[in-house]
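What the coordinates show
So you can see what is in the structure, the chains are spelled out below.
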Amino acid sequence: MASASTREAREKYELKQRAVKFYDENGVPKKMEEILNSMFYDNPDDVYGHLANYFAHFAKTPLISQVSSRHGFDSKGQTTVQTDMYCTVRNDKKLSASIVSSSTNSSLPENTKPEDREEEDKSREAAVEAAIALLNGDINTRLQGVDPGLQSDVDNILMKLYNELKAEEDERLAKEAAELAASGGDGGSPVKEEEASISGKKGGKSSAKTVQNKKKGGKSVTVVVVPDDPKEKLLPGAGSVCVASRAACTAAATVKDIPLYQHIAALRFGETPKDMRLPIPMVTVIQSGRSAPGKLNCVKEFMVVPKPGMPLSESLKYCQKIYNYVTKNFVTKSGMAAQYGNDIGALCPSYDKPEQGLDILQDAITSLELTPGEDFFIALNLAGKEIFDYDPSSAPAKSDFPGQGMHKEKGKYEVMGGQQKVPEDLVEFWVELLGRYPSVIAIIDPMRKQEKEHWMRLCDKISDRCLVIGNHAYPRPGLLLEEELTEEFKTSGIVLKLDQLNTVSDILDCAKKMEEADNQIVLTTCYGETTDTFLADMAVGMNARFFKIGAPVRGERIAQFNRLIQIENQLKLEGRLAYHGENVFPHIAPPPLPEPEEGEEVAQEEEKKEDKNKKK
């Protein structure tokens, strides 16, 4: 009996000693003493809430515990990916982020027949299924136990996984090609091409082609046609990378209990800036281009842009009134059907020349007792790549007679139905038009990047009054970060899009790189958007100057507008609201010509003498 009592007392003593050691190692007595002493003087209304807040600072960093993905739908009713991210927060598993991603952009024209879209719809469905499988499988496994606040670590894990899958696919295709060649089949066929495509290096850099185009008077001019860079073919499910990156960013803000834009600002600048600026909206009112009715090809989007410093809540009201004015004008002239918009909510009239869109926007601005070029400006998305005819058989020219095509020539831009221009003439076309419309302060993709000399010539003539912004002129941000910017090709701004293989880190790092090169940042939404407002927070957090947001209608874009107004009000209440400064237009000059070598200089002098003699 005594022996049992002694053993029990010893065990109880040892248990107490272990408890004392456990609490001492975790500093519990000291922390309890500190908070109890200070709380008496603080005299909080909620005693236990005060204690909970105090001890929450000593809790372990929340870590990702699960990624769960399923099917969702975008604004067009297309299947997309809906993803939840759970974190372990103070020993509890909590939902920390829920993301509904935009669907993959269609590569087909908007006027494509429904039956022609079937193949692309199948590819999209396959991509969604692959993304969901990746998110629920490998991505879920690799992100478990990772701090969502370490955005670069999360994005590196995601890109490492993608590169491993890509290498496996390349190896599989190479093996199939080798087996086909060994069996006596045509080893250079589709398998090799597909393998090169997956690697993003299909055909390498294609050589330029020289074609002869006839001008008036029977004279022909030689045009060197440089083909587009090969399109990077992504693996099915590549969009899972962007989805997981966004989810981690949102989860980090949630567990820190701070606004998402504040967390993104800390990622971008290392710390949250004292003052924060809202982006200037670029609001699409009219859409034209090859897929729209009418002859006008050279302007894809007519957008309005408020002046810097105008409160967002005020500027968005004006944007809505401008849109309504244009809608009413179209209905009056063309009937009720003219009020219906396309997938981004833009109106699609039948225009034959760009002046029609510019004139009606200026009239709409004036009707509000505002001055075009002072209170409100115009921006144009020219999408030059879409109207270039490298192969005249690739797309039919617009004709006044249905069913009849029009003659098209290689190496030209079809600015309007039946009117094509070589790059040199295209430069003069835009210089002349923009000279008549000083209210236009930005153009996007006036031509392909391959026309570097003419691009720079256009910049030299207009960049001191109009921003020349690159969109498709640049590769995706992840690849652009690896490229060196040169003097041969420059822009005043860049359009960044968070989709597919682009991570949050890629966008932020690319924005920093381009800002250092005197570029304005334009963050844009996607075509298959959802009501997810992540991009509104990102535009504020990364200090983007412009937010290209589509038309001021439909739920998925109105959700972005409402979120921006909410952020504006929050910053105003905190005394941290600031505005972007006046528009600045840095002049972009072409690179200096290389100095001719000694022999070349003599030859040039002889050529000049010959020309003079011929003129005489």
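Before going into details, it helps to say that this report is about the structure given with it. Not measured: the values here are computed from a predicted model.

1. Let's talk about the sheet that holds strand β15 (residues 493-497)
Pairing is mixed in the closed barrel, where eight strands are placed in the order β7-β8-β9-β13-β14-β15-β16-β17. For this sheet, the mean angle separating the axes of adjacent strands, direction not counted, is 30 degrees. Relative to strand β16 (residues 520-524), β15 runs parallel, the two sharing five bridges. Note on β16: the bridge partner recorded for Leu496 is Leu523.

2. Remarks on the nonpolar core
Counting residues in hydrophobic clusters, the biggest one holds 93 residues, and the most contacted among them are Ile443, Met538 and Met542. For this core, the leading source of residues is helix α9 (residues 312-334), giving eight residues. Among residues more than four places away in sequence, those in contact with Met542 are Ile264, Arg268, Phe269, Leu496, Ile507, Leu508, Ala511, Glu515, Ile521 and Leu523. Within the second largest apolar cluster, 30 residues are counted, among which are Val146, Ala238, Val243 and Leu501.

3. Quick word on the environment of Ala364
For Ala364, the position within the fold is in helix α10 (residues 354-367). Overall, the relative accessible area of 0% leaves Ala364 in the buried class. Considering only alpha carbons, one finds Ala364 and Asn324, 40 residues apart in sequence, at a separation of 8.9 Å. Non-local contacts of Ala364, meaning those with residues more than four positions away in its chain, are made with Ile322, Tyr325 and Val326.

4. Here's the deal with the pattern of salt bridges
One side chain can pair with another of opposite charge once the charged atoms of both are near each other. Enumeration according to the criterion identifies 22 salt bridges in this entry. For Arg436, the salt bridge is made with Glu355, and the minimal N-O distance between the two is 2.7 Å. In this pair, Arg436 sits in helix α11 (residues 423-436) while Glu355 sits in helix α10, placing the two residues 81 residues apart along the sequence. For Asp537, the salt bridge identified is with Arg563, shortest N-O distance 2.7 Å. With a gap of 26 residues between them, Asp537 in helix α15 (residues 534-541) and Arg563 in helix α16 (residues 555-574) connect regions that are remote in the sequence. Here the two residues Asp537 and Arg563 agree in accessibility, since each one is buried. Residues joined in a network through salt bridges with shared partners are Glu169, Arg172 and Glu176.

5. Brief notes about the packing of aromatic side chains
In the structure shown here, the tally under the stated rule is 10 aromatic pairs. Ring centres of Trp455 and Phe489 lie 4.8 Å apart, and the angle between their planes is 45 degrees; on these two criteria the pair is classed as tilted. In this pair, Trp455 sits in helix α12 (residues 452-462) while Phe489 sits in the loop between α13 (477-480) and β15, placing the two residues 34 residues apart along the sequence. The aromatic ring of Tyr86 is capped on one face by Lys93, whose charged end is 5.1 Å from the ring centroid. Over the ring of Phe388 we find Arg448, and its NZ or CZ is 3.9 Å from the ring centre.

6. Concerning the sheet that holds strand β11 (residues 412-416)
Overall, antiparallel pairing links the three strands, which are arranged β10-β11-β12 in an open sheet. The outermost strands of the open sheet, each flanked by one partner alone, are β10 (388-389) and β12 (419-421). Here β11 pairs with β12 via three bridges, running antiparallel. Counted as the bridge partner of Met416 is Gln419 from β12.

7. What to know about the pairing of strand β9 (residues 376-381)
Counted residue by residue, β9 has six buried out of six residues, so it is predominantly covered. Because side chains alternate across β9, one face comprises the buried residues Phe376, Ile378 and Leu380, and the other comprises Phe377, Ala379 and Asn381, equally buried. Of the strand pairs in this sheet, strand β8 (residues 301-306) and β9 are connected by six bridges, and their pairing is antiparallel. If you follow Val305 over to β9, its bridge partner there is Phe377.

8. Side note on α9
An α-helix turns once per 3.6 residues; consequently, residues spaced three or four apart project the same way. Between the first and last C-alpha of α9 there are 32 Å, a value that for 23 residues agrees with the 33 Å anticipated at 1.5 Å per step. Among all positions in α9, only Leu312, Ser315, Leu316, Tyr318, Cys319, Ile322, Tyr323, Val326, Thr327 and Phe330 are buried. Buried residues along α9 sit in contact with β7 (280-287), β8, α10, β9 and α16. Two residues or fewer after α9 comes Gly335, characterised by a positive phi angle close to 95 degrees.

Thresholds, definitions, all that
- Residues numbered from 1 in each chain as written.
- Predicted model: local features only at pLDDT ≥ 70, side-chain atom pairs only at ≥ 80, totals over all residues.
- Heavy atoms only, no water.
- Pairing = 2+ DSSP bridges.
- Helix = DSSP H or I, 4+ residues; strand = E, 2+ residues; numbered from the N terminus.
- Axes fitted to C-alpha atoms, helices over the stretch in contact; angles between N-to-C directions.
- Core = buried A, V, L, I, M, F, W, Y, C linked by side-chain atoms within 4.5 Å.
- Buried < 20%, exposed > 50% of the residue type's maximum accessible area, 1.4 Å probe, protein only.
- Contact = heavy atoms within 4.5 Å.
- Salt bridge = Lys/Arg side-chain N within 4 Å of Asp/Glu carboxyl O.
- Phe/Tyr/Trp six-rings, centres within 6.5 Å; stacked < 30°, edge-to-face > 60°.
- Lys NZ or Arg CZ within 6 Å of the ring centre and 35° of its normal.
- Expected span 1.5 Å × (residues − 1).

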